[in-house]
Amino acid sequence: MLIHTIEELRELRKSWNNLSVGLVPTMGALHEGHLSLIKKAKETCDKVVVSVFVNPIQFGPSEDFDKYPRTLEADMELCKSAGVDAVFAPAPSEMYGSGNRLSNDTLTYVCPPFFYVNKLCGKSRVGHFDGVCTVVLKLFNIVQPDFAFFGQKDAQQAIIIKKMVKDLNVPVKVVQCPIVREESGLALSSRNKYLSEDGKKDALALSKILNNIKACFNRGITDIDALKETAYSYLTDKHDLEYLEILDKNTLEEQEKAGSDSIALIACRVENVRLIDNTYLGEA
Ligand code: AMP
């Protein structure tokens, strides 16, 4: 069932009175990564809502909001075959009103703590996580899910959402799902559509760098600079590295040494497409 308005969604939610509800927030252009979240939601909950909303307030002025892939018909097909109960695809005006300047001059924003946003993706994407938290809290208030499903692919996002839920006492259980990859190792992303065939090959550097860091860690290297330095042999002039960090996987704090509680995270542009990936070092 395709729903465009908040009112309709609320009506449907009311009719699910005693049932458990799961929400999978997405920006659409759905792929197997999104599908893994939907499957987990189906296993966990009686009813599953997938939101498809390219959220204008989480994109910076020079980012890809206008060209972000919008494939609602195909998304609907995929959701239907996955047994999704409702797809919530509001227009930006439904979420934010029309005529509003979409800024914190005119809108109430949720601002996650500086410590969590002043690093990794938040450093180059200023205001991004304010936009993410604001839309996610709005979706939580609209759908009132018992469970919400997020991918480890966006590890910083998942940590920030969990923090928001805890700090603001939001009655939602956040479930984090593992990264789904192509056989090549490339993490699935809606933005992979921007890459040429050659670009996709160059993009493999991200997962190769992370796998190699994990292999080195498993061989006993725990010095973080030494682990990070192993990346350079994979990088060419086709890669514009934005960050490579090894941090505490739960808190994003810096560590003296890498350990089984560490996560390695990378962001790198290939063909000017910004790609991110990460891996837990302690994982098999
Ligand atoms: P997006 O549509 O890119 O905003 O992503 C919606 C949700 O799907 C987020 O929680 C992402 O972390 C998750 N997701 C995106 N790609 C993957 C992937 N390759 N594996 C698992 N989850 C993913």
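The coordinates are above.
Predicted model only: the values in this text are computed from it and were never measured. (Residues numbered from 1 in each chain as written. Predicted model: local features only at pLDDT ≥ 70, side-chain atom pairs only at ≥ 80, totals over all residues. Heavy atoms only, no water.)

### Here we look at unusual backbone geometry
Although it is not a glycine, Leu120 adopts a positive phi angle of roughly 50 degrees. By the element assignment, Leu120 lies in helix H6 (residues 120-124). (Helix = DSSP H or I, 4+ residues; strand = E, 2+ residues; numbered from the N terminus.)

### Describing the pairing of strand S6 (residues 173-177)
Sheet topology places strand S5 (residues 147-151) next to S6; 5 bridges connect them, and they run parallel. Each bridged residue has a counterpart across the sheet, and for Ala148 the counterpart in S6 is Val174. For the crossover from S5 across helix H8 (residues 155-167) to S6, the handedness is right-handed. (Pairing = 2+ DSSP bridges. Right-handed = clockwise from strand over helix to strand, strands pointing away.)

### Quick word on the sheet that holds strand S3 (residues 47-52)
Here 6 strands make up an open sheet; going across it, the order is S1-S4-S3-S2-S5-S6 and the pairing parallel. Lying at the two open borders of the sheet, with one neighbouring strand each, are strand S1 (2-3) and S6. As judged from the 2 bridges shared by strand S2 (residues 21-26) and S5, these two strands associate in the parallel manner. Looking across to S5, one finds that Leu23 is bridged to Ala148. Helix-sheet contacts for helix H7 (residues 128-143) involve S2, S3, strand S4 (86-88) and S5, and the interaxial angle to S2 is about 150 degrees. (Contact = heavy atoms within 4.5 Å. Axes fitted to C-alpha atoms, helices over the stretch in contact; angles between N-to-C directions.)

### So, the packing of H7 against H8
The contact between H7 and H8 brings their axes to 11 Å, and the two run at 55 degrees. Taken together, the axes of H7 and H8 lie oblique to each other. At the point where H7 passes H8, the crossing takes the right-handed sense. Contacts between H7 and H8 involve Phe129, Val132, Cys133, Val136, Leu137 and Phe140 from the former and Gln156, Gln157, Ile160, Ile161, Met164 and Val165 from the latter. A class-by-class count of the residues in the contact of H7 with H8 yields 10 nonpolar, 2 polar and no charged. (Parallel < 35°, antiparallel > 145°, perpendicular 65-115°, else oblique. Left-handed = near helix turned anticlockwise from the far one by under 90°. Nonpolar A, V, L, I, M, F, W, Y, C, P; charged D, E, K, R; others polar.)

### What about the packing of helix H1 (residues 6-15) against H7?
Angle between the axes and distance between the axes are the two parameters that describe a pair of packed helices. Running from N to C, H1 and H7 point in directions that differ by 50 degrees, and their axes come no closer than 9 Å. It follows from the interaxial angle that H1 and H7 lie oblique. Of the residues in H7, those touching H1 at Ile6, Leu9, Arg10 and Arg13 are Asn141, Ile142 and Val143. Per-class residue counts for the contact of H1 with H7 are 4 nonpolar, 1 polar and 2 charged.

### Brief notes about the nonpolar core
Core analysis: the largest hydrophobic core is formed by 50 residues, its most contacted members being Val49, Phe88, Met95, Val136, Phe140 and Ile161. The element best represented in this core is H7, accounting for 10 residues. Excluding anything up to four places from it in sequence, Val49 contacts Leu9, Trp16, Val21, Gly22, Leu23, Val24, Ala86, Phe88 and Val143. Core analysis: the second largest hydrophobic core is formed by 24 residues, Leu206, Leu244, Val270 and Leu275 among them. (Core = buried A, V, L, I, M, F, W, Y, C linked by side-chain atoms within 4.5 Å. Buried < 20%, exposed > 50% of the residue type's maximum accessible area, 1.4 Å probe, protein only.)

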